[in-house]
Every structure is written in C-alpha cells, then in structure tokens.
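# Overview (structure and organization)
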Amino acid sequence: MTSKTTKPAAAKSAIQAGADAVQQPLAATREIAGNLGSALTDSGKAYYAGIMALGRTLGEFGRETLNEASEHLRQTMSAKNVREVAEMQAAYAQRRVDMSATHAKEFIDQAHDKSLDVIAPISGLLNKAA
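Below or above, wherever it landed, is the structure these notes cover. Every value quoted in this text rests on a predicted model; they were computed, and no experiment measured them.

For the protein chain, the count of helices and strands is two helices and zero strands. Relative to its 130 residues, the protein chain shows a buried fraction of 15%. Summing over all exposed atoms, the protein chain offers an accessible surface of approximately 9,600 Å²; the carbon and sulfur share of this is 64%.

What follows is the structure, given as structure tokens:
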C-alpha cells in the first residue's frame, strides 16, 4: 500500500516542480510582453526626434554652405585681377572640402547617437529579460 501512495505523491511532486519551473519564465515573458508596447512607443518617439534633429542639422549645413558661397561670389566680383580670383577659388575649394569632411563626421556621429536612442528602449527590455 505504501508503494502505491508514494508513486502518485512522487509524480505529483515532479509535476509541481515542472510547473514551478515553467511559471518563472512565463512570468518574465508576460512582463516583457506587457512592457513591449511602451518600449515600441518610446522607440518610435526617439526615431521621430532623431529624424527631425538630423533634418535640422542638414538644413544648418546647407544654410552655412549657401552663406559661404554667396560671400565667395561677392569677394570674387570684387577681385582686382585674375590671379586674385584663382587664389580665392583655391582657398574656397579647400575650405569646402574641409567643411564637407567635418559636416559628414558630425552628421554620422549624430546619426549614431540617435540610432542608439531608438534602440535603447527595446534593448533595455531585452536586457531586463536576460
């Protein structure tokens, strides 16, 4: 009689242990699923803010280039001889190359930072789960 009672008790105990083992990951999964909507919303807001910031940055670069080009044109028109025009043109070209490289680096750095802002809510959620 004892062996019949212990077998169901042992089976019940094993089933309970298995159920407990499943409940912990299941609870974590429910928590992640519950926070997924807010993480996606935060990520979307960061994406929009990042795109707007990058657009403003490009606009500033364009405005700066336009102002510099118009100033260069004014100086070229007031040049006294062809040699002076050639020197101004060479200096302007060099400045534009330098500024283009600087602008590209600034833009890439800003885009990288904004990308990190976009993925932060989701990666935070995944790190929390781990």
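For Thr76, the location among the structural elements is in helix 1 (residues 2-77). At 2.8 Å, the side chain of Thr76 and the backbone oxygen of His72 are in polar contact. Among all residues touching Thr76, those that are not within four sequence positions of it are Val85 and Met88.

Moving on, we get to the side chain of Arg96. Turning to its location among the elements, Arg96 is positioned in helix 2 (residues 82-129). The buried category is assigned to Arg96, whose relative accessible area is 12%. Side-chain polar atoms of Arg96 contact the side chain of Thr65, separated by 3.0 Å. Here Arg96 is in contact with Thr65, Glu68 and His103, once residues within four sequence places are set aside.

Counted according to the given criterion, the structure contains five salt bridges. The shortest N-O distance in the salt bridge between Glu71 and Arg74 comes to 2.7 Å. Taken together, the positions of Glu71 and Arg74, both in helix 1 and three residues apart, correspond to about one turn of that helix. On the basis of relative accessible area, Glu71 is assigned to the partly exposed category, the value being 34%. Judged by relative accessible area, which is 53%, Arg74 ranks as exposed. With its nearest N and O atoms 2.8 Å apart, the salt bridge here joins Asp109 to Lys105. On the criterion of helical spacing, the pair formed by Asp109 and Lys105 is a turn pair, its members being four residues apart in helix 2.

On the secondary structure map, Ala46 appears in helix 1. For the pair Ala46 and Ile119, spaced 73 residues apart in sequence, the C-alpha to C-alpha distance is 8.7 Å. The residues contacting Ala46, other than those within four sequence positions of it, are Asp117 and Val118.

Rules of the game
Residues numbered from 1 in each chain as written. Predicted model: local features only at pLDDT ≥ 70, side-chain atom pairs only at ≥ 80, totals over all residues. Heavy atoms only, no water. Helix = DSSP H or I, 4+ residues; strand = E, 2+ residues; numbered from the N terminus. Buried < 20%, exposed > 50% of the residue type's maximum accessible area, 1.4 Å probe, protein only. Areas by Shrake-Rupley, 256 points an atom, 1.4 Å probe, with all protein chains shown as cover. Polar contact = N/O pair within 3.5 Å; in protein donor to acceptor, adjacent residues only side chain to side chain. Contact = heavy atoms within 4.5 Å. Salt bridge = Lys/Arg side-chain N within 4 Å of Asp/Glu carboxyl O.

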